[in-house]
Amino acid sequence: MWRDNNSDSKGVASRVTFQDYKSPKTNPVCDIECRDEGMLAGLQDFIDSHPKGDILIVLHQMGNHGPAYFRRYPPEFEKFKPTCKNSDLSRCTREEIGNAYDNAILYTDHFLAKIIELLRKNDPKFETSLFYVSDHGESLGENGLYLHGLPKAIAPDTQLHIPALMWFGSNFTDIKISALREKVNQRFTHANVFHTLLGIFEVETSAYRPEMDILEEARPPKK
Ligand SMILES: [Zn+2]
């Protein structure tokens, strides 16, 4: 299932359940805009209705998308101040822009913590896991650049180097966490996401390339 609080799935979810969370009609957590955590509403019911099946839930966040970073979090997450309160970044200082961006990061931290909380509740019945990947980095004034989307050949590392995070529940015994920790400084790309998901779901297909699966070397040998 694909839940979306950003744009859409660009066709990726055209053959699966797609739910739009950008409107208060579906998203129960909206103020000046609808919040990412609203995508968690009713997810437990969805999980409960699939007691035996493998479930992949994609949550497409609004996250930190600019330039209006200050709109990307509820007021209680305004921890770093002063913040840029303008979509026209040229009217703000670098510090104000960075603060608004950091507040939005803080909100994503909170969102991810809520997901882990939900997965923990489902730990007894499932092999739970979370795979968080950002779609791109962001320029916040380094060398006079802002935002993202420069062609790859000239984009600075701040736009290309993305955060990613994995979390596994106690029943997810298919991998050795210690072996995975050793890979923490290796470089991966979005091209690894597809194969890693196939690996997590144990999908057997000729499209699967184990060498592209981030978890492959962390799996204990098959008996
Ligand atoms: Zn984006």
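Bear in mind that the values here come from a model prediction, so they are computed numbers and not experimental data. (Residues numbered from 1 in each chain as written. Predicted model: local features only at pLDDT ≥ 70, side-chain atom pairs only at ≥ 80, totals over all residues. Heavy atoms only, no water.)

Visitor: How would you sum up the coordination of the zinc ion? Please name residues and give values.
Guide: Around the zinc ion, the protein contributes the donor atoms H65 (NE2), D135 (OD) and H136 (NE2), at 1.9 to 2.1 Å from the metal centre. Along the chain, the residues that donate to the zinc ion are spaced as H-x69-D-H. Of this pair, H65 sits in the loop between β3 (58-60) and α2 (94-121) while D135 sits in the loop between β4 (129-133) and β5 (139-140), and the two are 70 residues apart along the sequence. (Donors = N, O, S within 2.8 Å, 3.2 Å for Na, K, Ca; no water. Helix = DSSP H or I, 4+ residues; strand = E, 2+ residues; numbered from the N terminus.)

Visitor: So what's going on with the side chain of D123? Which residues, and what values?
Guide: Along the chain, the position of D123 falls in the loop between α2 and β4. Of the side chains bearing the opposite charge, R120 lies closest to the buried D123, which forms no salt bridge; the N-O distance is 6.0 Å. Setting aside its immediate chain neighbours within four residues, D123 contacts T128, G169, S170 and N171. (Buried < 20%, exposed > 50% of the residue type's maximum accessible area, 1.4 Å probe, protein only. Lys, Arg positive; Asp, Glu negative; His and termini not counted. Salt bridge = Lys/Arg side-chain N within 4 Å of Asp/Glu carboxyl O. Contact = heavy atoms within 4.5 Å.)

Visitor: An account of the nonpolar core is requested, with residue identities and associated values reported.
Guide: Counting 17 residues, the largest nonpolar core has F111, I115 and L130 as its most contacted members. The leading source of residues in this core is α2, at six residues. Ignoring any residue separated from it by four or fewer positions in sequence, one finds L130 in contact with I115, I116, L119, L165, M166 and W167. F70, Y73, C92 and A100 belong to the second-largest nonpolar core, a separate cluster that totals 14 residues. (Core = buried A, V, L, I, M, F, W, Y, C linked by side-chain atoms within 4.5 Å.)

Visitor: Please provide a residue-by-residue account of the state of the cysteines, values included.
Guide: By the definition in use, this model includes two disulfides. Here C30 pairs with C34 through a disulfide, and the sulfurs are 2.0 Å apart. In this structure, the disulfide formed by C30 and C34 twists by about 95° around the S-S bond and is classed as right-handed. Numbered by position along the chain, the disulfide-linked cysteines of the chain connect as 1-2, 3-4. (Disulfide = S-S within 2.5 Å.)

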